[in-house]
Amino acid sequence: MRSSNPVFSRRGFSRDAGHAGFNAQQPQAGGPAVGTNPYATGNPYAQGAANPYATNPYAPQDTQLGAPQQARGNVMTIDDVVSRTAMTLGTVVLTAVLSWLLLPVDPANLGKSYGIAIGAALVAFVLAMVQSFKRKPTPALILGYAAFEGVFLGVISAAVSTYISPGVVVQAVLGTMSVFAGVLIAYKMGWIRVTRRFYGFVIAAAIGFVLLMMVNALVSVFDGAGDGLGFRSGGLGIVFGIIGIILGACFLALDFKQVEDGVTYGAPREEAWLAAFGLTMTLVWIYLEMLRLLSILQGDD
């Protein structure tokens with residue numbers, strides 16, 4: 001199973017047992033996959049020829065094919081993912097707060113602040129793409145992405161808070177945290193089934209969503225009202241805001257699956273940076289969609 005997240009899609013952690021759970025049964029050495037698992041033999045971290053890390057001196061030499069790795073010398077752990085994610089999210093929050101305080105969004109300076117925000121967003125996008133196509137994670141690139149993304153979020157959040165509602169940013173943050181907690185609980189309880197069909201649906205829906213938003217943005221450039229096709233305002237804006245948040249929740253489920261598989265199969269510790277990178281991008285997506293949805297709802301009051 002490959003993640004929708006570009007930073008995971010080149011790794012392809014694999015451990016499907018038909019659902020997303022922490023206690024799924026593993027295939028036995030030399031035998032077929034247990035149950036109906038169609039992906040078990042594709043695990044890149046399994047011992048044997050298919051495992052690019054089979055020569056890892058920290059990996060156990062007597063484990064069965066597909067069995068979870070037990071060594072913890074140089075392999076990714078949940079603690080590694082949590083600490084790296086805290087660093088990337090902390091960078092986003094820090095630069096967002098600084099840009100909020102240092103880049104005024106009053107009418108006299110709004111254009112300049114918006115210009116800096118758009119420039120920061122473009123730099124963040126470039127850094128994200130560079131990291132996505134690198135074979136190994138580069139912490140400097142990941143933290144750089146987080147820093148520039150934070151500048152963009154800080155200016156946008158300040159503008160929304162100033163011109164729409166002072167409390168909307170706090171509501172969006174709480175909403176994002178609630179989505180994260182809800183998806184995590186549902187994933188650990190096995191209520192979310194991350195299968196090939198689920199993955200394909202999420203990817204197709206995300207591509208369609210992004211294309212529609214791009215068309216809407218393009219039309220808005222030539223639209224005197226700046227509303228485009230109306231996908232980001234009014235009733236349609238509310239519908240697409242909800243769809244965007246649901247897609248973000250689906251991305252979280254895929255990201256949790258990739259983290260679980262990386263830990264299970266003993267991915268190198270450096271992969272924790274990629275896990276943090278992917279989770280940060282997904283949370284930024286959810287926050288922006290939450291902020292946009294709340295802005296529409298409160299703007300209509």
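Residues numbered from 1 in each chain as written. Predicted model: local features only at pLDDT ≥ 70, side-chain atom pairs only at ≥ 80, totals over all residues. Heavy atoms only, no water.

Colleague: Tell me about the overall build of the protein chain, and please be specific about residues and values.
Modeller: Along its length, the protein chain carries 8 helices and 0 strands. Reading the protein chain from its N terminus to its C terminus gives the helix and strand order α-α-α-α-α-α-α-α. For the protein chain, with 301 residues in total, the buried portion stands at 49%. Total accessible area computed for the protein chain in this model is approximately 14400 Å², and 68% of it derives from carbon and sulfur atoms. (Helix = DSSP H or I, 4+ residues; strand = E, 2+ residues; numbered from the N terminus. Buried < 20%, exposed > 50% of the residue type's maximum accessible area, 1.4 Å probe, protein only. Areas by Shrake-Rupley, 256 points an atom, 1.4 Å probe, with all protein chains shown as cover.)

Colleague: Which residues make up the pattern of salt bridges, and what values go with them?
Modeller: Where side chains of opposite charge bring their charged atoms close, a pairing between them can arise. One pass over the structure, following the stated rule, counts 3 salt bridges. Here D80 and R84 are joined by a salt bridge, their closest N and O atoms 3.6 Å apart. Pair noted here: D80 and R84 are both in helix α2 (residues 78-102), with a separation of 4 residues, about one helical turn. The burial state of D80 is the same as that of R84; both residues are buried. D80 is the partner of R269 in a salt bridge, and the nearest nitrogen-oxygen pair spans 3.2 Å. (Salt bridge = Lys/Arg side-chain N within 4 Å of Asp/Glu carboxyl O.)

Colleague: I'd like a description of the packing of α2 against helix α4 (residues 139-163), backed by residues and values.
Modeller: Where α2 meets α4, the closest approach of the two axes is 6 Å, and the angle between their N-to-C directions is 40°. By the criterion of interaxial angle, the relationship of α2 to α4 is oblique. The interaxial crossing formed by α2 with α4 has right-handed handedness. For the pair α2 and α4, contact is made by M87, T88, T91, V92, T95, A96, S99 and W100 and by I142, L143, A146, A147, G150, V151, L153, G154, V155, S157, A158 and S161, respectively. Looking at the contact of α2 with α4 residue by residue, the class counts come to 12 nonpolar, 8 polar and no charged. (Axes fitted to C-alpha atoms, helices over the stretch in contact; angles between N-to-C directions. Parallel < 35°, antiparallel > 145°, perpendicular 65-115°, else oblique. Left-handed = near helix turned anticlockwise from the far one by under 90°. Contact = heavy atoms within 4.5 Å. Nonpolar A, V, L, I, M, F, W, Y, C, P; charged D, E, K, R; others polar.)

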